[in-house]
Amino acid sequence: MAIIRRVAQLTSVQWLAVVDDDTLISVSRLRTLLSCYNSKDLVALGEKYGYGATTARGYSYITGGGGMIFSKTLVEQLAKPGMCECPSNDIPDDMFLGMCLKHASVPIIHSSLFHQGRPVDYPEELLEGELPVSFHRYWMLEPMQAFARWLDDNSPAGDSSSDIHSEL
């Protein structure tokens, strides 16, 4: 919530991407994907999961490992006093923000381009048919090689559909 409140005060920001420190992300592909949305709308984008979804108290949430993307307008709404108060410092941020989105009646936009797992956790045929935006976790994985293979549009191992290359 401290990040959300800080970003809500910034005038030059259109989008907030919240990712884990072990997430690989293609900034150029994320920029391309975000060009399909308006940052002035209430947009919550990422890989959608559910907690107790078949019950009245259940809710959907965006997996933090794959990346949670919020429009500036949504960030401003979540930052309003009383809208989204974190009950404790150790609550999982992705699940807590899912509860906030439910409370605010903001639907989550699911994108299969965000991945909670590593590339090796998915069938290769599935990944080859898309341009992934992110993967989560480095366990038993060389991150530079995985980035070059699956996310770097300018790498000989990656897709060359974009001339834009952005570093984090």
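Residues numbered from 1 in each chain as written. Predicted model: local features only at pLDDT ≥ 70, side-chain atom pairs only at ≥ 80, totals over all residues. Heavy atoms only, no water.

A. Geometry of the UniProt feature "domain: Fringe-like glycosyltransferase" (unreviewed entry) in the protein. Mapped onto this numbering, the UniProt entry gives "domain: Fringe-like glycosyltransferase" (unreviewed entry) at residues 12-139. When the span residues 12-139 is considered, its composition is 24% helix and 21% strand, and the gap between its end C-alpha atoms is 35 Å. (UniProt positions renumbered as here; feature names shortened; annotations may be inferred. Helix = DSSP H or I, 4+ residues; strand = E, 2+ residues; numbered from the N terminus.)

B. Expanded view of the confidence of the model for the protein. Of the residues in the protein, 92% reach a pLDDT of 70 or more, and the chain-wide mean stands at 91. This model gives residues 158-168 a pLDDT under 50, and the stretch forms 22 contacts once residues within four places in sequence are excluded. (pLDDT = per-residue confidence, 0-100. Contact = heavy atoms within 4.5 Å.)

C. Just the environment of P92, in detail. When you line up the elements, P92 lands in the loop between α3 (72-78) and α4 (93-103). Once the C-alpha coordinates of P92 and N38 are considered, the two residues, 54 residues apart in sequence, prove to be 28 Å apart.

D. Broad picture of the state of the cysteines. Under the criterion given, the structure shown has 1 disulfide. Between the sulfur atoms of C84 and its disulfide mate C100 the distance is 1.7 Å. Handedness of the C84-C100 disulfide follows from its S-S torsion of about 70°: it is right-handed. One end of the pair, C84, is in the loop between α3 and α4; the other, C100, is in helix α4, and 16 residues separate them in sequence. There is no disulfide at C86, and the cysteine sulfur nearest it, in C84, is 7.8 Å away. (Disulfide = S-S within 2.5 Å.)

E. The arrangement of the environment of S111 in detail. With respect to the secondary-structure elements, S111 resides in the loop between β7 (109-110) and α5 (124-128). Measuring from C-alpha to C-alpha, the distance between S111 and E124 comes to 18 Å, with 13 residues separating the pair along the chain. Setting aside residues no more than four positions away along its own chain, S111 makes contact with L33, L45, G46 and E47.

F. Focus on the packing of aromatic side chains. Under the defined criterion, the tally for this structure stands at 4 aromatic pairs. Here the aromatic rings of Y49 and Y61 are separated by 6.1 Å at their centres, their planes lie at 65°, and the arrangement is edge-to-face. Taken as a pair, Y49 in strand β4 (residues 48-51) and Y61 in strand β5 (residues 59-62) lie far apart in primary sequence, 12 residues in all. Among the residues examined, Y49 registers a relative accessible area of 35% and is labelled partly exposed. Y61 sits in the buried class, given a relative accessible area of 10%. What links up through ring pairs into an aromatic cluster is the set Y49, Y51, Y59 and Y61. Seen from the ring of W150, R149 lies directly overhead, with NZ or CZ sitting 3.9 Å from the centre. (Phe/Tyr/Trp six-rings, centres within 6.5 Å; stacked < 30°, edge-to-face > 60°. Buried < 20%, exposed > 50% of the residue type's maximum accessible area, 1.4 Å probe, protein only. Lys NZ or Arg CZ within 6 Å of the ring centre and 35° of its normal.)

G. Focus on the nonpolar core. Membership of the largest hydrophobic core comes to 21 residues, with the highest contact counts inside it found for I4, L16, A44, F70, L74 and L101. At the level of elements, α1 (2-9), β1 (15-18), β6 (68-71), α3 and α4 are the ones that each hand at least two residues to this core. Of all the elements, α4 adds the most residues to this core, at 4 residues. Every residue in contact with F70, bar those within four places of it in the chain, is listed here: Q14, W15, L16, V18, V43, A44, I62, V75, L97 and L101. With 10 residues, the next largest nonpolar core counts L30, L33, L45 and V133 among its residues. (Core = buried A, V, L, I, M, F, W, Y, C linked by side-chain atoms within 4.5 Å.)

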